[in-house]
Amino acid sequence: MSYAEKITDNIYWIGTNDTRTHLFEHVYPIPKGVSYNSYLIKDEKTALLDTADSSTADQFLTNLKYALEGRDLDYLIVNHMEPDHSSVIERVVSLYPQVKIIGNSKTFTMIKQFFSFDVDSRSIVVTEGKELDLGYHKLVFVMAPMIHWPEAMVTFDKTSNVLFSADAFGTFGAIEGHIFADEYDIDGEWIGEYRRYLTNIVGKYGKPVQMLLKKAANLNIKTICPLHGPIWRKDLGYIIDKYDKWSNYEPELNGVLVAYASIYGHTESAARLLARLLIQNGVKNISVCDICEHHASHLVAESFKYSHIALLSPTYNLGMFTPVANYMHDIQALNLCKRKWLLVENGTWSPTANKHIKAVLEKMADMTILGEYTITSTLKDEEIPKFKALAELLANDIK
Ligand code: FEO
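Only a predicted model underlies this, so the values are computations on that prediction, with no experimental measurement involved. (Residues numbered from 1 in each chain as written. Predicted model: local features only at pLDDT ≥ 70, side-chain atom pairs only at ≥ 80, totals over all residues. Heavy atoms only, no water.)

Undergrad: Go over the sheet that holds strand β1 (residues 5-8) with me, naming the residues and quoting the values.
TA: The sheet built from seven strands is open, its strands ordered β1-β2-β7-β8-β9-β10-β11 with mixed pairing. Pairing within the sheet leaves two strands with one partner each, and these edge strands are β1 and β11 (123-125). With direction set aside, neighbouring strand axes in the sheet form an average angle of 25°. Both strand β7 (residues 39-42) and strand β8 (residues 46-49) contribute to a ladder of four bridges, which runs antiparallel. (Pairing = 2+ DSSP bridges. Helix = DSSP H or I, 4+ residues; strand = E, 2+ residues; numbered from the N terminus. Axes fitted to C-alpha atoms, helices over the stretch in contact; angles between N-to-C directions.)

Undergrad: Could you give an account of the nonpolar core, naming the residues involved and the relevant values?
TA: In terms of nonpolar packing, the biggest core is built from 90 residues, with V92 and Y243 touching the most fellow members. No other element matches helix α5 (residues 186-201), which puts seven residues into this core. Once residues lying within four places of it in the same chain are set aside, the contact partners of V92 are L48, T51, F60, L61, L64, L73 and L76. Membership of the second largest hydrophobic core comes to 27 residues, among which are C337, L343, V360 and M364. (Core = buried A, V, L, I, M, F, W, Y, C linked by side-chain atoms within 4.5 Å. Buried < 20%, exposed > 50% of the residue type's maximum accessible area, 1.4 Å probe, protein only. Contact = heavy atoms within 4.5 Å.)

Undergrad: How would you summarise the side chain of E82 if you had to cite specific residues and measurements?
TA: Along the chain, E82 turns up in the loop between β9 (75-77) and α2 (83-86). We note that E82 is buried and unpaired, the nearest opposite charge coming from R196 at a distance of 14 Å. Once residues lying within four places of it in the same chain are set aside, the contact partners of E82 are E25, H148, W149, E151 and D167. (Lys, Arg positive; Asp, Glu negative; His and termini not counted. Salt bridge = Lys/Arg side-chain N within 4 Å of Asp/Glu carboxyl O.)

Undergrad: Which residues make up unusual backbone geometry, and what values do they have?
TA: Glycine aside, residues mostly have negative phi angles, and peptide bonds mostly take the trans form. The amide bond that connects I147 to the next residue, H148, takes the cis arrangement and shows omega of 5°. Tracing the sequence through the fold places H148 in the loop between β13 (138-143) and β14 (153-157). Positive phi outside glycine occurs at D50, with the angle close to 65°. Within the secondary structure, D50 sits in the loop between β8 and α1 (57-68). According to the relative accessible area criterion, D50 is buried, its value standing at 3%. The backbone of S350 sits at a positive phi, close to 45°, despite the residue not being glycine. Considering the arrangement of structural elements, one finds S350 in the loop between β21 (340-346) and α11 (353-362). On the accessibility criterion, S350 (41% relative accessible area) is partly exposed.

Undergrad: Can you break down the pairing of β21 residue by residue, with the values?
TA: Burial analysis of β21 places six of its seven residues in the buried class, which makes it a mostly covered element. Across seven bridges, strand β19 (residues 306-316) lies against β21 in parallel orientation. In the strand pairing of β21, P314 is matched with N346. Sheet analysis places β21 next to strand β22 (residues 368-375), joined by seven bridges and oriented parallel. Each bridged residue has a counterpart across the sheet, and for L343 the counterpart in β22 is E372. Read from β21 through α11 to β22, the crossover connection turns out right-handed. (Right-handed = clockwise from strand over helix to strand, strands pointing away.)

None of the figures reported here should be taken as evidence of function without further support.
Written out as structure tokens, the structure reads:
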């Protein structure tokens, strides 16, 4: 079957949902799937904004043909060249050979890297602020490099005040029947996936996101059409505020992520005791995560969410336990900063985990270590007062 939904003023969502792919980018679990959004503007000229992933190509092309209602396709605007949005470009060109492709110079370099068809004869190169007149709709192109590839740009429809925002303001999760964010419980059920998507996919590029937010502030945006997830037509301030915090590496909550790894359960027991002591000391926002059980993308998202991180980990091969090393690698690669830490290491002999964790934290910006502790195999009852003092130290800093 074919599907297209009118968004506003002759703008149609013709995207697809993918619930069969289990790993986005073959690394991030997507238990609720993902949508590849694509949009068609039917004006005096027709313009398609981005395509879809090859896994849903047939559905996408069916939707496109249905929405066009027999008309030809005049323009294909390529806001983003990552294959989850671009892999159907060559099939679109072969079905609509008159189509002109619009992108910036980097877009066309990438198109030629991915495809072998004749690109030059149909390319229109645009730069910052360049406009395209479709008849009624007047489009303007705004560069958004590193959100999340260097060629990325967004397209603003000045006529309908619609921002086609590429990867920005997207999320994991297939669109479940409704298509607008205001039709979902975003703050309850969806915001975790927005956070996991943004922090893992674009977390490294906080400054470029901030630059795009500044540009967006000068546009009178009424609707945001991202490449993944629901469309925003209400409460735009909510998602813009979240993006502002995430890209500034500001925590959303004053609270503690208690992240632990435990080989035989002793470090886990200490982590659970610490969490309880934090609650007893009045800390309201706590998340307890087993580093070995949670996918790294969840740990990254939780680390962006909380102001304080208590990391409890065993020593392994005289260094960091591998899952802990991976966690530290990920948050360093994604430029996480401005967090306060409590480090608790465990070791039956030669405990060295904290030393290696501190070496990583020292390379990151604005990380503060509030306290350290060493457990030798198990936390003894007589040590509990010292542990209570650590919990108090964290709780007082949060207050
Ligand atoms: Fe959804 Fe960067 O692609």
